[in-house]
4 protein chains.
Amino acid sequence: MKSYKIDPDSVLDFRNNVAFCVGTGRLGLALHREYFEQLKLVQEQIGFRYIRGHGLFNEDLAICQRRPDGTIEYNFTYLDRITDGYLELNIRPFLELGFMPKVLASGEQEVFYWKGNVTPPRDYAEWNALVGATLRHLVARYGAEEVTNWPVEVWNEPNLGGFWENADRKEYFKLFKETIFAVKTVDERFRVGGPAICGVDDESWLRDFLDFCRDERLPLDFITRHLYTIEFPEQSGRYGYPKLRPLENATDETKGSRKIIDEYDEFRGMEMHVTEFNTSYSPITPLHDTNLNAAYLAFMLSKLGDESASYSYWTFGDVFEEQGVPFTPFHGGFGLVANGCIPKPAFYTFKFFKNLVGGECVLREDDCVVVRCGDVYKAVMWNLDGEDKGITLELPDGVSSREYSMTIETVDENSCNPLQIWHHMGEPASLSKRQLELLRQHAVPDVTAGLILKARAIGIELKPNAVKYVEFTPATLTPDWGFDYGRAQRA
Amino acid sequence: MKSYKIDPDSVLDFRNNVAFCVGTGRLGLALHREYFEQLKLVQEQIGFRYIRGHGLFNEDLAICQRRPDGTIEYNFTYLDRITDGYLELNIRPFLELGFMPKVLASGEQEVFYWKGNVTPPRDYAEWNALVGATLRHLVARYGAEEVTNWPVEVWNEPNLGGFWENADRKEYFKLFKETIFAVKTVDERFRVGGPAICGVDDESWLRDFLDFCRDERLPLDFITRHLYTIEFPEQSGRYGYPKLRPLENATDETKGSRKIIDEYDEFRGMEMHVTEFNTSYSPITPLHDTNLNAAYLAFMLSKLGDESASYSYWTFGDVFEEQGVPFTPFHGGFGLVANGCIPKPAFYTFKFFKNLVGGECVLREDDCVVVRCGDVYKAVMWNLDGEDKGITLELPDGVSSREYSMTIETVDENSCNPLQIWHHMGEPASLSKRQLELLRQHAVPDVTAGLILKARAIGIELKPNAVKYVEFTPATLTPDWGFDYGRAQRA
Amino acid sequence: MKSYKIDPDSVLDFRNNVAFCVGTGRLGLALHREYFEQLKLVQEQIGFRYIRGHGLFNEDLAICQRRPDGTIEYNFTYLDRITDGYLELNIRPFLELGFMPKVLASGEQEVFYWKGNVTPPRDYAEWNALVGATLRHLVARYGAEEVTNWPVEVWNEPNLGGFWENADRKEYFKLFKETIFAVKTVDERFRVGGPAICGVDDESWLRDFLDFCRDERLPLDFITRHLYTIEFPEQSGRYGYPKLRPLENATDETKGSRKIIDEYDEFRGMEMHVTEFNTSYSPITPLHDTNLNAAYLAFMLSKLGDESASYSYWTFGDVFEEQGVPFTPFHGGFGLVANGCIPKPAFYTFKFFKNLVGGECVLREDDCVVVRCGDVYKAVMWNLDGEDKGITLELPDGVSSREYSMTIETVDENSCNPLQIWHHMGEPASLSKRQLELLRQHAVPDVTAGLILKARAIGIELKPNAVKYVEFTPATLTPDWGFDYGRAQRA
Amino acid sequence: MKSYKIDPDSVLDFRNNVAFCVGTGRLGLALHREYFEQLKLVQEQIGFRYIRGHGLFNEDLAICQRRPDGTIEYNFTYLDRITDGYLELNIRPFLELGFMPKVLASGEQEVFYWKGNVTPPRDYAEWNALVGATLRHLVARYGAEEVTNWPVEVWNEPNLGGFWENADRKEYFKLFKETIFAVKTVDERFRVGGPAICGVDDESWLRDFLDFCRDERLPLDFITRHLYTIEFPEQSGRYGYPKLRPLENATDETKGSRKIIDEYDEFRGMEMHVTEFNTSYSPITPLHDTNLNAAYLAFMLSKLGDESASYSYWTFGDVFEEQGVPFTPFHGGFGLVANGCIPKPAFYTFKFFKNLVGGECVLREDDCVVVRCGDVYKAVMWNLDGEDKGITLELPDGVSSREYSMTIETVDENSCNPLQIWHHMGEPASLSKRQLELLRQHAVPDVTAGLILKARAIGIELKPNAVKYVEFTPATLTPDWGFDYGRAQRA
C-alpha cells in the first residue's frame, strides 16, 4: 500500500494538454454517419480541440482534378461537408497537408488499403497552387480569424519509405520549404510545422531538418513527431501481438527530440507537438481494446506534457481503413470508441484526465495525479503492477477538518471491459441489437460514493489494469425533514 | 444454495401481464416535460400498453366549464395534448372517470394537494353529458377502432371516505349505473369496469357491488380493485416508514376478491384488473426507492397473474403531487423513475419481467422464474432472504449438450442503488449536472457474461435484495483469423 | 411609391434592443412540454436574452410552504427545473418578485384563472426571508456571476387594483423599500427596479415613486413600466375586438414617462425598461394573430428604443392561462407562436428586427429601417397604409457599382397567414396531424431572390399589412464549367 | 380552361405504385451521414418500401476478399451497417447482385468514377458462393421472413457494353442461370428477376432472355427493365442538355416490353418492374432540378402503372458519384433531394402521388388524377402546356351538397423553385448557413385554403410546369363562442 501526502499549497508542474488534439482515420471517412456518431460521443464526454488525419488531398475527397484540356480544377464539396461536421461538434482541423493527388503526382507508389499516393509532386507550382487554393477556400468559408488558428503540418512520416517515396530527406525539405511559403502567402498568421517523423531512427532526420530550417531561414512555428511505445509485434493471421515498452523508456523518443531541439539557439523551447501517439502503431492490435492499454495510457498522459506541447491520440474511433475494413467490432483498432459506438477502457482514461484540466497539480506520482480546483480535489490513479494494489491519499487539513463527498469511477477488467463481454458472447462479427445494448450498458465506469467526515487519509484499492477517477467535493449531509436513509432500508 | 431443475418440456402456468398498464400522477401533470421524459424512458426500456391516472375531469385539465349564462361548455385542448403525447409514446389511456368538476359538484370535499372534488354530481344528467361528450370527442379525434379499446373505469376507491364523500356505497352504485350506460351509449364496444376499491375492508363492498350489477343487469365488463402490501407506517416529519407484509400474505386481498367473484354464476372467471398496486400507498415512503422494494416487487410480479388479468404499478414516475411537490429527488415517490430521469431499482424489475413476455414458463419458484423462447432461456431471480444466497439452475439437455453464452444483469445494493449514491452525496435537494450524470451512470444494471460449454448446472449468487436477469443464448466461439483473446491481454 | 436614399456614411440613431427580453405566461407553465417546444422555436429563430413572467411565488411553484408547527420552509424543486430549462435554451430570468404566497398573505384577493394572491405580506420579515432565500438558492445553484446579471423587478402593475389590493400606493412603496434591501443584502450587484406600472393614469404614480426613492435614498437601478396600444375593446362572447391607437400616439406613454424621469436630477437618463408591451392587453384578442398586428409591431420596434432601454413583448407563446385554458389554436393569445408550435406573423417581425442587430442604421423611416453590416445591407419594411404600397430604395454607390444578390422574405396576408388557413379549415378546435402540418408549412415567409447588377434603385412592393425583410449581399454569378441556368429550363 | 366531371361511383383503373421502390447511388454511399439525412427526409415525407442501387459487391463495401493463401473470406461489417440504417428508416433493399469483386473478376473493365468491375466471374463457383454467403448472412441477421421479401435482381443493364463486358448476351444468361439457382438454394421463397436492360435496342434482348428462361425452365419470378425519356443530350463543359421525349412516346418502351412478355404463354401477365426511370440518364443534367422535370414526372407517375408492377425513380438523393463528386449543390443530379437536404420540385411530385395511395380513382386525365378516400377527395394536377392553364373540376353531388374545406399545395416556378433562388444567389458552390436556410425555407409548397359551401365546380389555375395537390375534406365552419374571423382583421 503506497501512501502519498497531498499538500495543497505546493503547486507541481503538470502540463496536462490531454484534449488539445486527437487523431482520425482518413478524412474521407468523416463523411460517414458512424464516424460522426463516434466523434459526437467523444466530443460530448471528452471534448478535443483539434482533429488530425491523413488524406486531405486523397482521391476520395476529390479536391484536385484535371479536366481533359489539362486545366486543374478544385472541388470542395466534401471538404466543406466534413469541416461543417467538425465545427458542428466543436472540433477543428489540425491540417496535415498530404498525400499527393494522383493528377499532381510524380510516381505511383501508394500507401494503405485506401491507396494514398506518396510521391512528390511532378510540379511544385501545381502543389503550391493546390495548397493555396484549399486554404483560401477555407478562409473564405469560415473566416480568417477561425482558420488561421488551425495548425498546419506538412506531410506525414516522411522518414519512412512507405509514406514518402524512398524516404527522400532532401525532397521532403524541398516540399517543406515550398509548402510553408505557400501557406504563409495565404495568411502569414497560419502556424506551420513538421517534419512529422516517426520512430527510433529519427535523430539525424530531426537535426537535418532543423539545420535546413535554420539555414534557409524558414518561418517554422513548431516541430512535430510521433510516438509509439511497443516492440515489434508477432503476427498471427490478421492480428499483431506486441510487447509494451518498459515504462521507464516509454518517453525516451520525445525526450530525445526535445533535447535535440533545445540544442539549437534558434529553436530552443519551441513547441513540439506529438501529432500521433499510441501504444501500437497498427490498427489490428487486440491490445488496444484492453484495460491494460487504458492503464498504460494513463501513465503516458501523466508524463507526455513534460517535453511536448501536445500529444494527439491516434485515433478517436474505429471507423478506419488503413489495413482494410474491420471484420469484427473488437479487432484492435486504434479508436477510443469501438464500432457500434461502444467506448473502450481507454476512452475513460482520456475522460478522466480531461476532468483534471484547469486544476492545480498537488500530487504527481507514477501511478497517481491529483489536482485541486478550489475546494474540490480530483485524482486519477492507475495500476500497472500486474496485481492488486492500494493507494492511500493523506488528505490536506482543508479536507480532513470538514465533511466531504467522495465519488469514485472505476474502469477495470470487471467493471468496464467490453472486450471481455464480447468474447463471452462468442466474439460475434455482427452484433445483434441486444448484444450491442448490453455492450454499451457494460462499457461505463462503475460509480461508488461515500461521505467522509474529518478523515485524515483515504485508501483506494485498484485491481490490475484499473484506472480510477476520484473526486472529493465539500458536502454536508442535509436530510430533508424526517428523512432517514437507514430506516428506509428496514421494512 | 437452492437447486432447481429446468424441464423445457413441462410448460407451467405463468400469466405474466407485467406490461399491460402502469399508473401515473394526475393527468394534468402529463403536460409536463419532465413527465414526458420519464415516460419516454419507461416506454423505450419497458413499454407498457395502457396508463391510468386520476384527475381526468379536474380543474387543471379545464374540460368542463360553465358560462355566465349557465351553459356547460367543454374544452379539450389539454386532453388532446396529453393524449397525443401518450400515443406518440405508444401508450394508451386506461380511462378512470373522475373526479368531479367543481361546476358539476354537489359538495366541496376535496382530496390531495391538487384538490380533486370527490362529491357526487349535483345533476346526473350533466355528469352523463360530460362523460358522453368526452368519449365522443376522443372517438372523433382518434377513431372508434382505437378508442373503444381503451378500458373505462368508474371513479377511484369509492370505499374510502377521502375519495368519495362518506364512502357512500349506494351513491357509488348509482354513479356506476348512470356512467356505464352513458359510456355504452357512445359506443357499446367500450369495456367498462369498477368499483376500484382499496384495502382490507372491501369484502362486503365487492359483494354489494356484484349484487347490484347482477340485479340491475348492468353490462359489466370487468372488475377492478387495488393492492398495497404494507402495514400502517410510522410517520417521521414528512416521511412514512412501513413494514412490508409477509410474502405469504402479500396477495391475500386479490385472492379474496377472486374468490368472491367466482362465487357468482354471472361473474365467475370475469377479468379482475388490479388497477393500482405497490408496496406502500404513500408517495413519501423512502422504501420505494430501495433495492428491497425492487426485490419484493419481483416476487409480486411472479404471483399476481394467478388471480388477476392485470396489475398496474402505481406509478411510472415521480412527477406526482398528491402530497405536494417533492422536496428532493429521492423522497420515496411511487415512481419507477426518480426526478431527473434516474431509474430506481424497481424500474429494472419491470424491465426484466417484460423480457420474459412471450416465453413458455419452465420454472416458477418463490425466488426465480425461467421461461424458454425457442433455444433461448431467460430467467429472473431475486433474493428476499436478508442474506447472501445462491441459486443453482440444472440445465436441460438441450443446453448442456452445446455451447451457450450467458449474460447476467444485476441490480443490487452495490451495483444499482442510486439512493445510496445520493445519500453519499449528502442528500442534496438540488442536483448539479455532475451529480445527475453520476447518478444516471450508476443507475444501470451491472452486466457480466460467460461462455458455457456443455455445462450441466449453473450457480448464480445473489446479494441481499438483488434482482438478476439471466439469459442463455446458443453461441459458438468464432474467433476471427488470428484473433486470440487471451493473448491480447499479455503485452 | 415612396423613395428613400440610403447614405451609408451617415449613421442614424436606432437603438434596436428587440431581443433583450420577452414575456411569458406564469412561470409554472414553464414546466410544460408544449411551452418548452414553443420557447425552443423562438430561441432558435429569434433568440432573446431574458424572459419575464408572473407567478414566481405562486402556489403551483410550491416555493413557500408552512409546516404544521408554523415553520416556513422552501421548496425549489420546480424553480430549479424551470431555470435549468431556460438556461438550456440560452435565456435567463428577468425576475419579477410576486405574487404573494398564500401562507404569507394578509388577505385573500386573487387575480387570474390561476389565482395569484395580490395582497401585501402579513409580515414583511417573512417576505424578505422568502426573497432572500430564493435569491441565495439561485446564487448557490447557478453562481453569483450568472445570477446577479438577472434583473429584479418588484411586483407587477401595483397601480391597478386587480394586481395589488386597492392599488395601495403607500403599501407598494413599503414593499419596494423592503424588497430592494432584501435583494441587495444577498448581493449588492443585483440590479433592482420598479414600479412596473401600466396605463394612462400613471403620471402621479411615477412621480410619487421617484419622490419616494429619492427621499428614502433607495439604490434604484432602473425604472419599469408597461405599454399597450389599443383603445378599450368591444367584447363578443369570449373575445375582445379593440381599435389600435393611431401611430402618432402609439408611444405617448413611454415618452411621458421618459420626460418625468428626466425631470429628476437623481434619475435623469436612468434606464427605463418597458417590461411588457403589445397591442392588446388581453389574451383573447383575435387581432394578435393577424398580419396587421405583425405590421403594427414593426412600427413599434422601429421606435421604442428612442425612450426605453428595452421593451419586452408580452408574450413569446400561447401556453398561457390568465383567462383560462384556450379553446382553440387561434384564440387571439399574446404569443408569437400559436399552440401547436405554429409561428404567427408577429414572430417574423421579431425575427427580422433581430437580423438587424449589430448593423449601423443608414435609414429610418416610418415604414422602413435599413442597416449596414460591412458590405451587406439589411432592411425591414412594412405597410400600415391599408392598401398596396411601393418603396423604392436608392442604393448607395458601393452597391450600385457592383453585383449583389438580393433576397426577400415576405410575410403578408397571402404568404404567411396561418389564421386565414385555419379559418378556411373551418376553425377547428382540435387540429389533426395533417392540418397541423399544413399550418406549419404555410407559416413561413415566402422567399424570393434576384441578382442585381449595378442597379441604382430597387423598388419593393408591399401588400397591406405586409412585413418584408430584404438583404443585399455582394455576389457574383459564378457558373460551374458548362452550367447554363437558362438552358436547364429548355427541354 | 379544361373541365372534368368527377363521378365518385365509377372507379377507374389507376395502379399507383409510386412508393414501391426508389433508386440510390452506390451502396457504399449509404454509409454517409448526408445520404442518411436525405433518405430520412424522403422516408418521413414520402416513404418508399424498397431501395435499389449498384455496388453491393464493389470494393468499398469490402464484402469479398482473398487471403494471401488464396482463401476467399467475407466481411459484412459495412453491409450490416448499411442495412441496419435502411431498416431504421423503414426501407428495405431491392437487391441488385453486382458488380464483380476484383478478386473474382475475369477481366479489368470498370464502370464509373467509383470503378465497378463489369466482367464475368472467372469462376462461377466462387460467384455462387459469394451470392449464397451474402444471402445466408442476411437471413441469419434479419430473419428469413424479412429477407425473403427483398426482391433479387441479377446485374444491371447487361445489354450495354459499359455495364457488362461486350454486352455479352450469352454470358449474361449463364450468369442469370447460375445466380437464380444460387439464390433459390438459400431459400426458395426468394423472388428473382432480370435482365435489367435499358434502352431502345432491347427488343431482341428481351425475347432472347425469355426464350432462355423458358427453355432452361428457370424459376423466373419477375422481369425488369429501365426507362429514360430523353433524346441524346448536347454536352457543354461538365453538363448535358437533352430534350424530353414527347409525352405520347414517353412510355413506348415499357409498352413494347409488356407486349413482348405477354406474347409468351409462360410469362403472360408476369410482373414487370421498371427498376430505374427518370427523364435523363445522366447525373449532370440541370433539367433534373427544374419544375419542368417535376411536372413531366407527374405525367409519368399517372401512366407507368398501366404496364409495370412498379417503377423505381432513379434516385432519391444527390449523394451520388457515378460521374464524380458534384461540384455544386444544383448540378443536375438524379436526386429528389439536393445536397444540403433541399427538396427539389420533383420531391413533391412523389409526395403528392403518395398521398393518393389507397384512394379509389375517380378521374384520370393527361393533366390530372383524382381519387376518393371515403368523403375526402384528393387530386394531383400538372401543367406541361408551356403556358398558364386552368382546370375546372365539376364536383360530385356528395361534395356540392355540403361544406368542404379545400387545401391546395402548389409547386411551381415561383413558389418552390430552389434552383432559381440558388441561381439568384450567384450559383455558389459552397452554401453559407444563411443561404442553406433560405433555400430550405423556399423549397416547400405554397399552401392555400378555402371553405367551399355547396359549390358545383372549382377552378384551379396552374402556371407553366406547376404541380398541385388539392384536397377536399368535409368541414363545417364552427366558430368558438364570440370568435369572428372578419372582425379580427379590423382594428
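Values in this document were obtained by computation on a predicted structure and should not be read as measured data.

Undergrad: Tell me about the packing of helix α3 (residues 124-142) of chain B against helix α5 (residues 169-186) of chain B, and please be specific about residues and values.
TA: Residues and elements named next belong to chain B. Contact pair α3 / α5: the axes reach a minimum separation of 9 Å and the direction vectors enclose 40°. Looking at the two axes, α3 sits oblique to α5. Two packed elements cross with a definite hand, and for α3 against α5 that hand is right-handed. Across from Y124, W127, N128, V131, G132, L135 and R136 in α3, the residues of α5 making contact are E171, K174, L175, E178, T179, A182, V183 and V186. A breakdown of the residues in the contact of α3 with α5 according to their chemical character gives eight nonpolar, three polar and four charged.

Undergrad: If you had to explain the domain arrangement of chain A to someone new, which residues and values would you point to?
TA: All names here are of chain A. Domains assigned within chain A are domain 1 (2-10 + 361-475) and domain 2 (21-355). Averaged C-alpha coordinates put domain 1 and domain 2 at centres separated by 31 Å. With 32 residues of domain 1 in contact, the opposing surface of domain 2 contributes 28 residues. When domain 1 packs against domain 2, close to 2400 Å² is buried across both sides, 69% of that on carbon and sulfur atoms. The largest per-residue losses of area from domain 1 upon contact with domain 2 belong to R364, L384 and L419, which jointly make up 21% of the total buried on that side. Where domain 1 touches domain 2, the interface holds two salt bridges. Where D366 meets K303, a salt bridge forms, and the shortest distance between an N and an O atom there is 2.8 Å. Across the contact surface, domain 1 and domain 2 share eight residue pairs in polar contact (both at pLDDT 80 or more).

Undergrad: Break down the interface of chain A and chain B for me, citing the residues and quoting the values.
TA: Residue-level contacts link 61 residues of chain A with 61 residues of chain B. With both chains or domains summed, chain A and chain B bury close to 5500 Å², and 54% of this area falls on carbon and sulfur atoms. For the chain A face of the interface with chain B, the top three residues by lost area are F483, Y485 and A491 of chain A, together amounting to 13%. Connecting chain A to chain B are eight salt bridges. Our enumeration of links across chain A and chain B arrives at 28 residue pairs in polar contact (both at pLDDT 80 or more). For the side of chain A that touches chain B, the element with the highest residue contribution is helix α11 (residues 418-424) of chain A, accounting for six residues. Taken together, the residues of the side of chain A that touches chain B sort by class into 28 nonpolar, 19 polar and 14 charged.

Each value, and the rule that gives it
Residues numbered from 1 in each chain as written. Chains lettered and ligands numbered in written order. Predicted model: local features only at pLDDT ≥ 70, side-chain atom pairs only at ≥ 80, totals over all residues. Heavy atoms only, no water. Axes fitted to C-alpha atoms, helices over the stretch in contact; angles between N-to-C directions. Helix = DSSP H or I, 4+ residues; strand = E, 2+ residues; numbered from the N terminus. Parallel < 35°, antiparallel > 145°, perpendicular 65-115°, else oblique. Left-handed = near helix turned anticlockwise from the far one by under 90°. Contact = heavy atoms within 4.5 Å. Nonpolar A, V, L, I, M, F, W, Y, C, P; charged D, E, K, R; others polar. Domains from an automatic or database assignment. Buried area = accessible area lost by both parts, 1.4 Å probe. Salt bridge = Lys/Arg side-chain N within 4 Å of Asp/Glu carboxyl O. Polar contact = N/O pair within 3.5 Å; in protein donor to acceptor, adjacent residues only side chain to side chain.

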